[in-house]
Each structure stands twice: as structure tokens, then as C-alpha cells.
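A look at the structure
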Amino acid sequence: MTDSRLLSPSPASLSEAARLLGEGKLVAFPTETVYGLGADATNDQAVAAIFAAKDRPAFNPLIVHIPDLAAAEALVEFDTRASTLAARLWPGPLTLVLKRRRDCPVSLLASAGLETLAVRIPAHELAHTLLETVGCPIAAPSANRSEEVSPTRATHVLQSLGGRIDAVLDGGPCQVGLESTVLDLSGPMATLLRPGGVPAEDIEAVTGPLAEAGKDAPPKSPGLLSRHYAPRTPLRMNARTPAEGEALLAFGPDTSADTTRNLSPDGDLTEAAANLFAVLRELDEGGFTGIAVRPIPEDGLGRAINDRLRRAAGRR
Ligand code: TXA
Ligand code: MG
């Protein structure tokens, strides 16, 4: 991709942005907090392309944006706390982390393999119209490269991601200018994962005192926000051949009869990322004694894939 188009907020541009998103392309769009880098959340390849564009060395789970409560309820399980908070504070800069519904159509990569999904209804007219027009949930991290600050103007997005994404929908400056508050309601304790646009007090009025990630709530695996998915089956990397009972997970052109699954026979790292979590789950449930993973190159999305595999391999 050579150029990223800057789209004015006209009805024609909106339908163009929606069309691009529907085709699995990357379109940055304004929300009241910061600009998000959007992609069809149900499209594994499109979600993988978000990570590639951001140059993230690891897969962080993404926030999925929807236009209304009914759309959110189709993705995740609401309890009374979540429904009350949604009724009071949505649309707005509040992200709720909830359990994925069994039939949730969102890519496992957007959840970074977790059983939970972060959802939010943005309070921004253009974002709302766009979400209604595309008609699918839109996964969107802040529209900046990894390690850079979040963009609050379309020009910031182009400075950071120009040439790496298909278009930016220009909605002027973001009013809040600070990312959404991320609240984990997937367990019994309401836990603040990230302070943001909605003050904790407004949430505590509904939930009572919040636990803080890493402090009150022991992280389920080392590292804040790193409640990463890992298979239960032991995993080893840079394997050549599988041992008795092991599954062999390959990457790239491969003629071995031992191969159980291949993340990308063409050696395409974006395709491998798109397949990663679904394949790991499948192998985890396959009754194997272990998962042997062939070497995966350490460049582009390969770094994030290897990061996740290393965590899984080092877990026990
Ligand atoms: O205001 C915002 O939240 C902006 C706009 C575009 O909506 N988005 C944003 O996304 O800031 P991002 O990817 O930069 O930050 C998302 C945060 C990360 O800290 C991530 O770890 C957390 O939300 N998160 C997302 N899904 C999660 C999950 N299932 N469990 C725990 N944390 C999650
Ligand atoms: Mg960010």
C-alpha cells in the first residue's frame, strides 16, 4: 500500500469508509476519546492486519466497537452490573470486558485468545453512523504505531500510520482526548484495568469499590494486563520433528507427513497470526501430549506470534 486516503466526513466518504471496512481493509476513524484503527472484528485476516500496521511486538486484546446495546449483547454476556453501567454510561468512554458468548462471531485474535472481549459504544456521531453503516463489529485499538501516543487528530494518524492503512476518516479533533476507561467485569470482582475518560467514581456508584489490576486482583499470569491465553497442552518451540503423541504445528511450505496443522503453508505471517489462536485451541482439544512448533521467523508479525508461543511454552 502506498497511500492512505484522507476522507472528509461527507455521506459519500462515510459509505466509502464502510465499504472498505466491509472488504477487510483498515480504516482509522474518530471517536470521542482518540482515533481508532478499525477493521471488521469478525474477519481474522483484517484483525491480523491491525497488528501488522501497528507494528506491535505482542498481541494485546482489542476493543470492539458497536453502535448500540443490542449489538453488544450479541457478542458478550451481560450481568446486572454491566447492564446498569451500560444504561448509565453508554455511549461514552467506558470499555467493558465481559465473557464472550458461545456464538460470538468476533475473531479470537481480537480477544488475543482470551475467553473475554472488550466492548464499547463510542459517543461520536460520525463513529456511530459508520458503525451502523458497516453493520459488523469493528475492532479498533488507538490508531498509532506501537509505543507512540494515541492520536486525537486525523493528521496524527497519517503521521504515524500513513502508507500502512487504507484510509482515515477525518472527524476533526477528539473531544475527550484520553482513552476509554477499561473495566473488567468478567469475574466477580469489578476490576479497573485502565483509568480513562470515565472517572472511577462514576463506576463505583454502581459497582461499589473497584479492585485494581495487579494490586487487589492477582493477575492470572505474570505481567499486568497479560492475562494471556495459553494452551493447557505443553508446547515447545523451534521443533524439527514431533515426539510420540505430540502434534506438529508447521509454518511455511512443508511436505512433512508429521504435520498436524500449518499456520500458513505460504509462509505468510499475517495469515499465520489470523489462524494462531483458533489453531492452538483446536490442538489443545485434540488429546495430544504436547504441541511441537516449527521455527517461525522473528520479523513483522512473527515477533508477536513468537512472543505468544514463548509465553505458552514457558508457562509451566
Ligand atoms: O478510547 C479507547 O479505548 C480507544 C478508542 C479507539 O476506542 N481504543 C484504545 O484501544 O485505546 P487500545 O487497543 O489502544 O487499548 C485497549 C486496552 C488495552 O490496554 C488492552 O489490554 C485492554 O484494552 N483490553 C482489551 N481487551 C481486553 C480483554 N479482553 N481483557 C483485558 N484487557 C483488554
Ligand atoms: Mg493504545
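Everything below is about the structure printed above this text.
Presented here is an overview of the structure given in this document. For every chain, the first residue of its written sequence is number 1, and the numbers climb from 1 along that sequence. Lettering for chains starts from A, numbering for ligands starts from 1, and both go in the order in which the items are written. Reporting in this predicted model follows two pLDDT cut-offs: at least 70 for local features of residues, and 80 or more for side-chain atom pairs to be given and counted; totals over whole chains, interfaces and linings ignore these cut-offs and use all residues. As a rule here, side-chain values come from all non-hydrogen atoms in the structure, and water together with hydrogens is ignored.

Comments concerning the site of ligand 1
Heads up, the condition is: Here a residue is considered near a molecule or strand provided that any single heavy atom belonging to it is located within 4 Å of it. Within 3.5 Å is the distance limit for a polar contact, defined as a pair of N or O atoms, with the added protein rule that one can donate a hydrogen and the other accept it, and that residues adjacent in sequence qualify only through two side-chain atoms. In short, Shrake-Rupley with a 1.4 Å probe defines the accessible areas, and a residue's cover is counted only from the protein chains shown. Where helices and strands are cited, they refer to DSSP runs of H or I of at least four residues and of E of at least two residues respectively, numbered from the N terminus. Asp, Glu, Lys and Arg are counted as charged, while Ala, Val, Leu, Ile, Met, Phe, Trp, Tyr, Cys and Pro are counted as nonpolar; the rest, among them Gly, fall into the polar class.
Residues in close proximity to ligand 1 total 22 residues, the closest being Thr33, His65, Thr116, Ser180 and Arg194. Contact between ligand 1 and Thr33: an oxygen atom at 2.6 Å from a side-chain N or O atom of the residue. Summarising the interface, the protein chains cover 95% of the accessible area of ligand 1, which totals 680 Å² for the free molecule. Mapped by element, the contributors of at least two residues to the shell around ligand 1 are β4 (63-65), β6 (116-120) and β10 (191-194). Among the elements that line the shell around ligand 1, the one with the most residues is β6, at three residues. Residue classes in the shell around ligand 1 are distributed as twelve nonpolar, six polar and four charged.

As for the sheet that holds strand β14 (residues 261-262)
Condition: Note on pairing: two strands pair once DSSP finds at least 2 bridges between them. For this analysis, residues touch if any pair of their heavy atoms sits within 4.5 Å. Each axis is a line fitted through C-alpha atoms, taken for helices only over the stretch in contact, and angles between the N-to-C directions span 0 to 180 degrees.
In space, the four strands of this open sheet follow the order β12-β15-β13-β14, with parallel pairing throughout. Two strands in the sheet have a free side with no partner beyond their single neighbour: β12 (235-236) and β14. Sheet analysis places β12 next to strand β15 (residues 290-293), joined by two bridges and oriented parallel. Residue pairing in the sheet places Leu235 in a bridge with Ile291 of β15. Packing against the sheet, helix α8 (residues 269-284) makes contact with β12, β13 (246-250), β14 and β15, and its axis sits at approximately 165 degrees to β13.

With respect to the packing of aromatic side chains
The description of two aromatic rings rests on the distance between their centres and on the angle between their planes. Here is the rule we go by: Any two rings among Phe, Tyr and Trp, with Trp reduced to its six-membered ring, count as a pair given centres within 6.5 Å; such a pair is stacked if its planes are under 30 degrees apart, edge-to-face if over 60, and tilted if neither. Throughout, exposure labels follow a simple rule: accessible area from a 1.4 Å probe, protein chains only, divided by the maximum for the residue type, with under 20% read as buried, over 50% as exposed, and the rest as partly exposed.
Per the stated rule, a full pass over the model turns up three aromatic pairs. Between the aromatic rings of Phe51 and Phe59, the centroid separation amounts to 4.9 Å while the plane-to-plane angle is 80 degrees, which identifies the pairing as edge-to-face. Per residue, the accessibility class of Phe51 equals that of Phe59, and both read buried. Aromatic side chains Phe78 and Trp90 sit 6.2 Å apart centroid to centroid with 75 degrees between the ring planes, which places their arrangement in the edge-to-face category. Separated by twelve residues along the polypeptide, Phe78 in the loop between α3 (69-73) and α4 (80-89) and Trp90 in the loop between α4 and β5 (94-99) bring together distant segments of the chain. Put simply, the rings of Phe51, Phe59 and Phe277 touch in pairs and so form one group of aromatic residues.

Some points on the nonpolar core
Test applied: Joining through side-chain atoms within 4.5 Å is the link that ties buried Ala, Val, Leu, Ile, Met, Phe, Trp, Tyr and Cys residues into a set, and such a set is a nonpolar core.
If you look at the biggest cluster of nonpolar residues, it comprises 74 residues, and the most contacted ones within it are Phe59 and Leu96. The greatest single-element share of this core, amounting to nine residues, is contributed by α8. When sequence neighbours within four positions are dropped, the list of residues in contact with Leu96 reads Phe78, Ala82, Leu85, Trp90, Leu117, Ala118, Val119, Leu183 and Leu185. If you look at the next biggest cluster of nonpolar residues, it comprises 18 residues, including Ala18, Val27, Leu126 and Leu131.

Some remarks on the pairing of strand β9 (residues 181-184)
Side-chain alternation along β9 places Thr181 and Leu183 on one buried face and Val182 and Asp184 on a second face that is also buried. Note that β5 and β9 share four bridges and pair parallel. By the bridge assignment, Leu96 is partnered in β9 with Leu183. Sheet topology note: the β9/β10 ladder contains three bridges and is antiparallel. Across the sheet, the residue bridging to Val182 is Arg194, located in β10. Adjacent in sequence and paired antiparallel, β9 and β10 are bridged by six residues.

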